[in-house]
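Reading the structure
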Amino acid sequence: MTRPAIRPFIRADLDWLVATHDRLYAQEAGFDATFGAVVRDAAQQLLDRADPRERGFVAEVAKARVGSIFSTRLDDDTGQVRLFLILPDWRGSGLAPRMLAAAEGFARAQGCTRMRLWTHESHAAACALYSREGWRRGPRCPVHNYGQDLVEVRWDKDLAEIALPD
């Protein structure tokens, strides 16, 4: 298996990003069409803001897109992971930790000292990844999103450099 390249998200990726999220989340989680609209809005906002402190990333192999992740801002010190997706054939390949590290590294380089994300408890593989990669699970909250009763979970990670002892 060829190692995917991770490159910046561009406007030409928008339709792929929306269609892929919409299709996979409908198949795997039963999400309704409102999910695709939320994905499009989030990605379009990133493109429209053109904030150099925010970036989307796309993983690709031989010009075929196989994953995405966005590093956006919640405030001056806090980054947010959004639109994280790995195509099924690439899950378990080591791509997910690489993409997460790319988003974290970008946020750290832009001055963020912490990151935050929200997902659903039913996304067990994603939750296990966050835990393995040093994220701390935060509050949980029952929600009704995308035509489903879900439990939303917040995850946090401290990006501050580890202080070395004197």
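Everything here concerns the structure above.
Keep in mind that this is a model prediction, so the values were computed, not measured.

What counts, and where the lines are drawn
- Residues numbered from 1 in each chain as written.
- Predicted model: local features only at pLDDT ≥ 70, side-chain atom pairs only at ≥ 80, totals over all residues.
- Heavy atoms only, no water.
- Axes fitted to C-alpha atoms, helices over the stretch in contact; angles between N-to-C directions.
- Helix = DSSP H or I, 4+ residues; strand = E, 2+ residues; numbered from the N terminus.
- Parallel < 35°, antiparallel > 145°, perpendicular 65-115°, else oblique.
- Left-handed = near helix turned anticlockwise from the far one by under 90°.
- Contact = heavy atoms within 4.5 Å.
- Nonpolar A, V, L, I, M, F, W, Y, C, P; charged D, E, K, R; others polar.
- Core = buried A, V, L, I, M, F, W, Y, C linked by side-chain atoms within 4.5 Å.
- Buried < 20%, exposed > 50% of the residue type's maximum accessible area, 1.4 Å probe, protein only.
- Lys, Arg positive; Asp, Glu negative; His and termini not counted.
- Salt bridge = Lys/Arg side-chain N within 4 Å of Asp/Glu carboxyl O.
- Polar contact = N/O pair within 3.5 Å; in protein donor to acceptor, adjacent residues only side chain to side chain.

As for the packing of helix α1 (residues 14–29) against helix α2 (residues 34–49)
- Packing of α1 against α2 leaves a shortest axis separation of 9 Å and a crossing angle of 150°. Taken together, the axes of α1 and α2 are roughly antiparallel relative to one another. Here α1 runs over α2; the crossing is right-handed. Every residue of α2 that contacts α1 at Leu14, Asp15, Leu17, Val18, His21, Asp22 and Tyr25 is listed here: Phe35, Gly36, Val39, Arg40, Ala43, Gln44 and Leu47.
- When the residues that make up the contact of α1 with α2 are grouped by side-chain class, the tally is eight nonpolar, three polar and three charged.

Concerning the nonpolar core
- Counting residues in each nonpolar core, the largest one holds 48 residues, and the members touching the most others are Phe9, Val81 and Phe84.
- Ranked by residue count, the leading element in this core is helix α3 (residues 95–109), at seven residues.
- Residues within four places of Phe9 in sequence aside, it is in contact with Leu14, Leu17, Ala43, Leu46, Leu47, Gly56, Phe57, Val58 and Phe70.

Quick word on the side chain of Arg73
- Residue position: Arg73 is located in strand β3 (residues 64–73).
- Buried and without a salt bridge, Arg73 has Asp76 as its closest oppositely charged side chain, separated by 4.9 Å.
- A polar contact of 3.1 Å, which involves the side chain of Arg73, links it to the backbone oxygen of Gln110.
- The contacts of Arg73, once residues within four sequence positions are left out, are Arg53, Glu54, Thr78, Gly79, Gln110 and Cys112.

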